[in-house]
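Survey of secondary and tertiary structure
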Amino acid sequence: MTDGAGSNLDKLRLVAALHSILPPQAVIHDTEALRPYECDGLSAYRQTPLVAVLPENQDQVVQIMQLCHRYEIPVVARGAATGLSGGALPLADGLLLSLAKFNRILDIDPVARTARVEPGVRNLAISEAVASMGLYYAPDPSSQIACTIGGNVAENSGGVHCLKYGMTVHNILQLKIVTMEGELLTIGSQSLDTPGYDLLALLTGSEGMLGVVIEVTVKLLPVPQRAQVMLAAFDDVERAATAVGEIIAAGIIPSGLEMMDGLALRAAEDFVHAGYPTDAAAILLCEVDGTNEEVSAAAMRIRDLLRAQGAVEVRTARNDAERISFWKGRKNAFPAVGRIAPDYYCMDGTVPRKRLAEVLTTIGRLSSEYGLPVANVFHAGDGNLHPLILYDANQPGELMCAEELGAEILELCVRVGGTITGEHGVGHEKLHQMCVQFTSAELEQFRALKKAFDPLGLLNPGKAIPQPRHCSEYRTLGREVLTAPGSREGSPP
């Protein structure tokens, strides 16, 4: 059940009401037909929704939201469902709002370097559509071939090039949303700034809890004159992690700086044959882009820094095909790891770069203590970790063990001054860790903000912001609540 009020409309009447808005094939209510909607990328948690709908225009969304608000029916919006935190997990008593049919690129302005797109447009499709104009869309999550812009906005997605070009929030100008009450709002503008509170940043990363995105204006960038990627192999994970900080400390901002440990890189090499050195303990992929002169100068400095930090091998991609191959291995690391274990649990936490080596060492120790292998593949440049905990859900207790190890890793991130998420969001997965990251007073402010947009608590309820009982329950499990450095509160929420 939801944290808000219960529905005032039974299923048969709800379906009948929805048929007055949508054609019959756009209203899915048979149990078996609803199975594809029961989870997102975090498939360990599943729930069949009461009903799912597939609107195809703005008016239909407005009417659906008005109907659900009138009868207090919870709504969970969903894009491609590639998310990894249970953010699109539906509710047994709620409506699942699929935006899959909102898949049009509405307008491209090559002079202003913008594109207006619907939320169901795939991330990669934008760059493909503007490639002939010498432009591209910078954020590139590993799932960019499938993930959609609406979901990117909901989670504030990044990707391998976010170090230099920023997250989704840095690459959009305007959103059109529909509120829970069915009101249509425009947030932001076509200009670089707008007066008043920065609601655009507030909506980006709000995990579908404040409004349903129906249109996004994104920024486009010119394709760099040249991009050069280097692969550095290390015989020690800590040396590789230390090298990351040294590159940034030297004043160099690569367009991408990624790290994979031995387990991850060997899985990726077996899967896509990217040319990775399989005897390495870790590799760094470091890309610089810009003019020919800029790239040549930066690449030379980076090679020297990598060798000085103990790299046993430094390769420079000889051509664009090899550059693409290097990145292909990294972007396919998640499915590659899926080939070496029945299941894996993908974590998402962020730590200061200077603590990377320490955190990776501690993760290795925790992995041994829990008896579960961990493959590390992550955005090293901004400290965004993605430990993949390998387990077998068919073995009794292993899923719970993986979850406990994941909780330890996230709380470790908080202890060293980091945060429990970098781009995957909190969703259903990390509610307890929100009690670790934030004080009770801070969480109450989050709830007040949610209430300002959604007074009845009907829009994606039960996600991202824990209710006080969640923190109390976590406390009864014997978990110590670890407040972040500098916190004013030393007791549990």
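Residues numbered from 1 in each chain as written. Predicted model: local features only at pLDDT ≥ 70, side-chain atom pairs only at ≥ 80, totals over all residues. Heavy atoms only, no water.

Its 17 residues give helix α9 (residues 292-308) an end-to-end C-alpha distance of 25 Å, which sits within 8% of 24 Å, the value for a rise of 1.5 Å per residue. Listing the buried residues of α9 in full gives Val 295, Ala 298, Ala 299, Ile 302 and Leu 306. With its buried residues spanning 105 degrees around the axis, α9 presents them on a single face. Facing away from the buried side of α9 by over 90 degrees, the exposed positions are Glu 293, Met 300 and Ala 308. For α9, the secondary structure elements touched by its buried residues are β12 (226-234), α7 (237-249), β14 (282-290) and β15 (313-316). Once α9 finishes, Gly 310 follows within two positions and takes phi at roughly 100 degrees, a positive value. (Helix = DSSP H or I, 4+ residues; strand = E, 2+ residues; numbered from the N terminus. Expected span 1.5 Å × (residues − 1). Buried < 20%, exposed > 50% of the residue type's maximum accessible area, 1.4 Å probe, protein only. Arc of directions from axis to C-beta. Contact = heavy atoms within 4.5 Å.)

Take the packing of helix α12 (residues 356-370) against helix α13 (residues 398-415) next. Packing of α12 against α13 brings their axes to within 11 Å, and their N-to-C directions diverge by 160 degrees. For the element pair α12 / α13, the angle class is roughly antiparallel. In this structure, α12 crosses over α13, and the sense of that crossing is right-handed. Contacts between α12 and α13 involve Val 359, Thr 362, Ile 363, Leu 366, Ser 367 and Tyr 370 from the first element and Cys 401, Glu 404, Leu 405, Glu 408, Ile 409 and Leu 412 from the second. For the contact of α12 with α13, the class distribution of residues is 8 nonpolar, 2 polar and 2 charged. (Axes fitted to C-alpha atoms, helices over the stretch in contact; angles between N-to-C directions. Parallel < 35°, antiparallel > 145°, perpendicular 65-115°, else oblique. Left-handed = near helix turned anticlockwise from the far one by under 90°. Nonpolar A, V, L, I, M, F, W, Y, C, P; charged D, E, K, R; others polar.)

With that settled, the discussion passes to the pairing of strand β18 (residues 374-378). The buried fraction of β18 amounts to 5 of the 5 residues, a majority that puts the element mostly inside the structure. Here β18 shows a buried face lined by Val 374, Asn 376 and Phe 378 and a second buried face lined by Ala 375 and Val 377. With 2 bridges connecting them, strand β13 (residues 256-261) and β18 associate as antiparallel partners. Considered in β18, the bridge of Met 260 is made with Val 377. When β18 meets strand β20 (residues 387-391), the two strands line up antiparallel, connected through 3 bridges. Counterpart to Val 374 in the pairing with β20 is Ile 389. (Pairing = 2+ DSSP bridges.)

Bringing the packing of α7 against α12 into the picture now. Running from amino to carboxyl end, α7 crosses α12 at an angle of 150 degrees, the nearest separation of the two axes being 8 Å. Accordingly, the angle class assigned to the pair α7 and α12 is roughly antiparallel. In the packing of α7 onto α12, the handedness of the crossing is right-handed. Where α7 abuts α12, its residues Val 237, Glu 238, Ala 241, Thr 242 and Val 244 lie against Leu 356, Ala 357, Leu 360 and Thr 361. In terms of residue class, the contact of α7 with α12 is made up of 6 nonpolar, 2 polar and 1 charged.

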